[in-house]
Amino acid sequence: MNRLLTTKQVARALDVSESSVKRWCDKGVIAAQYTAGGHRRIALPDVLAFVKRSKCELVQPDALGLPSRVGHAKSSLHRAQEAMVEALLAGRLGACQQIVIDLFLSEHRVATICDAVLAASFHEIGERWACGEAEIFQERLACEIVLNTLHGLENLLPSPPDAAPLALGAAPEGDQYSLGTAMAALVLRDNRWRATSLGDNLPIATLRAAILRHRPKLFWLSCSHLADEDRFASEYNALFEEFSGQVAFVLGGRALHPGLRKRLHYSAFCDSMQHLEDFANTLRAGDQEGSPS
Ligand code: B12
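Residues numbered from 1 in each chain as written. Predicted model: local features only at pLDDT ≥ 70, side-chain atom pairs only at ≥ 80, totals over all residues. Heavy atoms only, no water.

## Some remarks on the coordination of the cobalt atom of the ligand
Using the following cut-off: Atoms of type N, O and S within 2.8 Å of a metal are treated as its donors, and for Na, K and Ca the window is 3.2 Å; water is not considered, so some sites may appear to be missing partners. Working definition: helices are DSSP H or I runs of at least four residues, strands are E runs of at least two. Numbering for both runs from the N terminus.
The sole protein-derived ligand of the cobalt atom of the ligand is Tyr177 (OH), positioned 2.3 Å away. The topology assignment puts Tyr177 in the loop between strand S4 (166-170) and helix H8 (179-190).

In structure tokens, the structure reads:
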């Protein structure tokens with residue numbers, strides 16, 4: 001459920017008069033809800049959508065509960081990625097949140113932010129760790145900071161409609177990587193899916209139970225580490241077999257090298273979150289085409 005703001009808060013954040021905000025609500029320029037008492041309330045994602053659309057400036061982002069320096073820096077993806085690595089290694093959550101929200105407000109897709117800034121920063125952190133320039137604690141803290149930042153970004157996305165298609169996903173048993181699956185959920189949310197990550201290190205048997213219970217339209221697996229490829233291949237292929245035709249299976253992750261992929265059944269293999277966004281939109285376009293206009 002998105003956080004609701006008053007017209008006073010929005011006016012302060014945009015440095016405009018409250019009567020202007022009220023007028024924009026009543027004219028439908030900003031999506032607003034009305035309380036039983038007739039008071040206007042505005043969801044945070046709708047304020048940000050208005051800021052993006054109107055080019056209004058976010059003068060006081062902290063009035064919306066956002067980091068105070070958000071919206072003041074228009075940075076390129078490359079510069080944002082460089083700043084992200086330094087902020088992550090320094091353990092600075094606020095700076096990481098600000099970089100991500102600024103990119104989001106400058107119209108970068110969530111998939112692009114995940115691929116070009118967050119994953120790229122972890123590749124660099126991994127290299128620095130490998131040559132002794134970064135400590136394990138810095139890598140782990142960076143993971144916690146990015147998980148926190150992804151959850152924060154989730155609050156900036158409009159809630160998907162109840163009728164939106166459902167997607168579920170996770171990282172399999174023995175795989176302790178949580179970022180890939182968390183990113184997949186957010187990218188699908190950004191594309192108006194109801195999407196939930198079940199987390200990391202889940203046995204295929206319980207993933208089967210989740211599919212049986214929730215009947216998702218799309219199921220993803222993020223595989224970064226597989227201790228026993230043969231066991232994974234046989235258990236996973238059995239899962240695909242049981243639900244193929246009902247569920248679209250999307251795979252991703254460094255552990256799925258070409259040799260292993262050849263042994264697996266799936267609807268799509270993705271090297272990036274951009275691929276997931278493209279596949280998910282194709283799947284939905286297929287729906288819309290199929291459904292009576
Ligand atoms: C953080 C990290 C960890 C953390 C993860 C913590 C957490 N909460 O997630 C922990 C501590 C668990 C960890 C453990 C290990 N790690 Co580690 N780890 C990393 C690190 C630094 C970042 C990985 C990461 O999460 N990146 C962010 C994700 C999102 O990016 P990504 O994996 O590239 O994914 C992108 C695409 O593949 C794709 N994608 C991925 N998944 C999915 C899923 C879907 C559905 C889709 C559509 C797309 C998609 O989109 C993503 C975004 O672009 C990497 C360094 C690096 N170069 O990446 C080392 C690294 C992967 N680790 C490594 C190793 C060896 C290990 C261990 C085996 C060490 C050990 N001996 O114990 C263990 C294995 C633990 C286990 N059983 O899982 C090596 C792997 C070497 C190799 N050849 O594969 C690396 C490269 C470090 C190094 N430089 O050597 N690690």
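Structure shown, so let's carry the discussion forward.
## As for the pairing of strand S3 (residues 40-43)
Our working rule: By this definition, two strands are paired if DSSP reports at least two bridges between them.
Of the strand pairs in this sheet, strand S1 (residues 4-6) and S3 are connected by 3 bridges, and their pairing is antiparallel. When the sheet's bridge partners are listed, Thr6 is paired in S3 with Arg41. Inspection of the sheet shows strand S2 (residues 33-34) paired to S3 by 2 bridges, in the antiparallel sense. Across the sheet, the residue bridging to Tyr34 is Arg40, located in S3.

## Looking at helix H5 (residues 93-105)
Note the following rule: Helix span is expected to be 1.5 Å times the residue number reduced by one. Type-normalised accessible area, obtained with a 1.4 Å probe on protein chains alone, sets the label of each residue: buried when under 20%, exposed when over 50%, and partly exposed for intermediate values. In what follows, residue pairs with any heavy atoms lying within 4.5 Å of each other are defined as contacts.
End to end, H5 covers 18 Å across 13 residues, agreeing with the expected 18 Å (1.5 Å per residue, within 8%). Burial within H5 is extensive, with 10 of its 13 residues counted as buried. Turning to H5, its buried residues number three or more, namely Ala95, Cys96, Gln98, Ile99, Val100, Ile101, Asp102, Leu103, Phe104 and Leu105. On its buried face, H5 sits against helix H3 (44-54), helix H4 (77-89), helix H6 (110-130) and helix H7 (136-154). In the stretch just after H5, Glu107 is the one whose phi turns positive, near 70 degrees.

## Structural notes on the nonpolar core
Definition in use: Only buried residues count toward a nonpolar core. Its members are Ala, Val, Leu, Ile, Met, Phe, Trp, Tyr and Cys residues joined through side-chain atoms within 4.5 Å.
Grouped together as the largest cluster of nonpolar side chains are 72 residues, with contacts concentrated most on Leu58, Leu188 and Trp220. Core analysis: the second largest hydrophobic core is formed by 25 residues, Ile204, Tyr236, Phe249 and Leu251 among them.

## Re the domain arrangement of the protein
Selection rule: All the domain ranges listed were derived from an automatic or database domain assignment. A pairing counts as a salt bridge when a side-chain nitrogen of Lys or Arg comes within 4 Å of a carboxyl oxygen of Asp or Glu. Under this definition, polar contacts are N or O atom pairs within 3.5 Å; protein pairs additionally need one hydrogen-donor-capable and one acceptor-capable atom, and for neighbouring residues in sequence, both atoms have to be side-chain atoms.
Entries for the protein in the domain assignment read domain 1 (4-58), domain 2 (77-154) and domain 3 (166-290). Centre-to-centre separation of domain 2 and domain 3, based on C-alpha positions: 24 Å. Our enumeration of links across domain 2 and domain 3 arrives at 3 salt bridges. In this structure, the salt-bridge partner of Asp190 is Arg109, at a minimum N-O distance of 3.3 Å. Here domain 2 and domain 3 share 7 residue pairs in polar contact (both at pLDDT 80 or more) between them. Broken down by secondary-structure element, the contributors of at least two residues to the side of domain 2 that touches domain 3 are H6 and H7. Element by element, the count of residues in the side of domain 2 that touches domain 3 is highest for H6, at 9 residues.

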